[in-house]
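Each chain is listed here by its residues.
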Amino acid sequence: MNIITIMCFKKIKSKGEEMIEVKITDEMMNTAKEKASNMRALNNSITHGDGNIAGFVGDQVVNSLVKSVWASTYDYDLITDKGTRIEVKTKRTTVKPKDYYDCSIANFNTKQKCDVYAFVRCNLETREAWFVGWMKKQEYLDKARFMKKGDIDPSNNFTVKADCHNVAIKDLNQGISID
């Protein structure tokens, strides 16, 4: 089990909401590349495996902020010492996230047996990541806007690539008190 300690992180504000910015270390990148090379594209992967490195970086970002261990199951990525099962959802980005950006759960992933969704945005090129928030699974599904594949999201003109449930960053729980 590989637990990464982040030496450099800071809290940042985005329109009043607190996110945690994390520097992606060489160790994190090497671990993510190693794990990605040992797996194939997941069934129903929207990016057909192209996001695996970013996903493993996102797992490490959350793991570094929350006392947990890497479980890497289909149903959840991390488990805390109190038994909370965390599914980390990571999106790649080229810009610092804004509080109105959406965090998404693909419809086929709503059956995962997790307790909490945690959300990360990362820019692998600049080696920056942001822990943007978290929400308990049922609360997330209750609050989310459902979007069908092919719909155009009016908040950002993005054409949805798969049926999904979206919640804006500003509506997530902030900070690292997930348990």
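Remember, predicted model here, so these are calculated numbers, not experimental data.

What exactly am I supposed to notice about the overall build of the protein chain here?
When helices and strands are tallied, the protein chain shows three helices and twelve strands. Looking at the 179 residues of the protein chain, the share that counts as buried comes to 47%. Element-wise, carbon and sulfur atoms account for 49% of the exposed surface of the protein chain, whose accessible area totals about 9500 Å².

I would appreciate a short explanation of the nonpolar core in the present structure.
One recurring pattern in soluble globular proteins is that nonpolar side chains are buried together. Within the largest apolar cluster, 26 residues are counted, with the highest numbers of intra-cluster contacts made by Val61, Val62, Ile86 and Phe131. Secondary structure elements with two or more residues in this core: strand S2 (17-23), helix H1 (26-37), helix H2 (52-65), strand S5 (85-92), strand S7 (116-123) and strand S8 (128-136). The biggest single contributor to this core is H2, with six residues. Aside from chain neighbours lying at most four places away, what touches valine 61 is Val22, Met28, Val120, Ala129 and Phe131. One finds Cys103, Met135, Ala144 and Leu172 within the second-largest nonpolar core, a separate group that totals 15 residues.

I keep staring at the side chain of threonine 84 and nothing clicks. Help me out?
Take threonine 84: it is sitting in the loop between strand S4 (78-80) and S5. Discounting residues that sit within four places of it in the chain, threonine 84 has contacts with Leu78, Ile79, Asp115, Val116, Ile178 and Asp179.

Where do I start with the pairing of strand S6 (residues 102-106) in this structure?
Each regular strand carries side chains that alternate between the two faces of the sheet. Within S6, four of the five residues are buried, leaving the element largely enclosed by the surrounding structure. Alignment of S6 against strand S12 (residues 164-168), held across five bridges, turns out to be antiparallel. Along S12, the bridge assignment pairs cysteine 103 with valine 167.

Please explain the environment of glutamine 112 as it appears in this structure.
Considering the arrangement of structural elements, one finds glutamine 112 in the loop between S6 and S7. Judged by relative accessible area, glutamine 112 falls into the buried class, the value being 3%. As a C-alpha pair, glutamine 112 and tyrosine 76 span 36 residues in sequence and 7.1 Å in three-dimensional space. For glutamine 112, the residues in contact, after removing those within four places along its chain, are Tyr74, Asp75, Glu87, Lys89 and Lys137.

How should I be thinking about the packing of aromatic side chains in this particular structure?
We describe a pair of aromatic rings using the distance from one ring centre to the other and the angle between the two ring planes. The full count for this structure, using the stated rule, is five aromatic pairs. An angle of 65° between the planes, with centres 6.2 Å apart, marks the rings of phenylalanine 56 and tryptophan 70 as edge-to-face. Of this pair, phenylalanine 56 sits in helix H2 while tryptophan 70 sits in strand S3 (residues 68-70), placing them 14 residues apart in sequence. Note on tyrosine 100 and tyrosine 101: the rings are 5.3 Å apart at their centroids and 85° apart in plane angle, and the pair reads as edge-to-face. Looking at tyrosine 101, the relative accessible area reads 21%, which means it is partly exposed. Put simply, the rings of Tyr117, Phe119 and Tyr140 pair up and form one aromatic cluster.

Explain the sheet that holds S12 to me, please; I cannot follow it from the model alone.
Sheet strands associate in pairs through backbone hydrogen bonding, adopting either a parallel or an antiparallel arrangement. Sheet architecture is open: three strands sit in the order S6-S12-S9, paired in antiparallel fashion. Edge positions in the sheet fall to S6 and strand S9 (145-147), since each of these pairs with one other strand and no more. Between one strand axis and the next, the sheet turns through 30° on average, direction left out of account.

How should I be thinking about the confidence of the model for the protein chain in this particular structure?
When pLDDT drops low, the exact placement of atoms in the prediction is not to be read closely. Per-residue confidence for the protein chain gives a mean pLDDT of 85; residues scoring 70 or more make up 84%. Ignoring residues within four places in sequence, the model shows residues 1-17, a span with pLDDT below 50, making 48 contacts including any to other chains.

About the thresholds
Residues numbered from 1 in each chain as written. Predicted model: local features only at pLDDT ≥ 70, side-chain atom pairs only at ≥ 80, totals over all residues. Heavy atoms only, no water. Helix = DSSP H or I, 4+ residues; strand = E, 2+ residues; numbered from the N terminus. Buried < 20%, exposed > 50% of the residue type's maximum accessible area, 1.4 Å probe, protein only. Areas by Shrake-Rupley, 256 points an atom, 1.4 Å probe, with all protein chains shown as cover. Core = buried A, V, L, I, M, F, W, Y, C linked by side-chain atoms within 4.5 Å. Contact = heavy atoms within 4.5 Å. Pairing = 2+ DSSP bridges. Phe/Tyr/Trp six-rings, centres within 6.5 Å; stacked < 30°, edge-to-face > 60°. Axes fitted to C-alpha atoms, helices over the stretch in contact; angles between N-to-C directions. pLDDT = per-residue confidence, 0-100.

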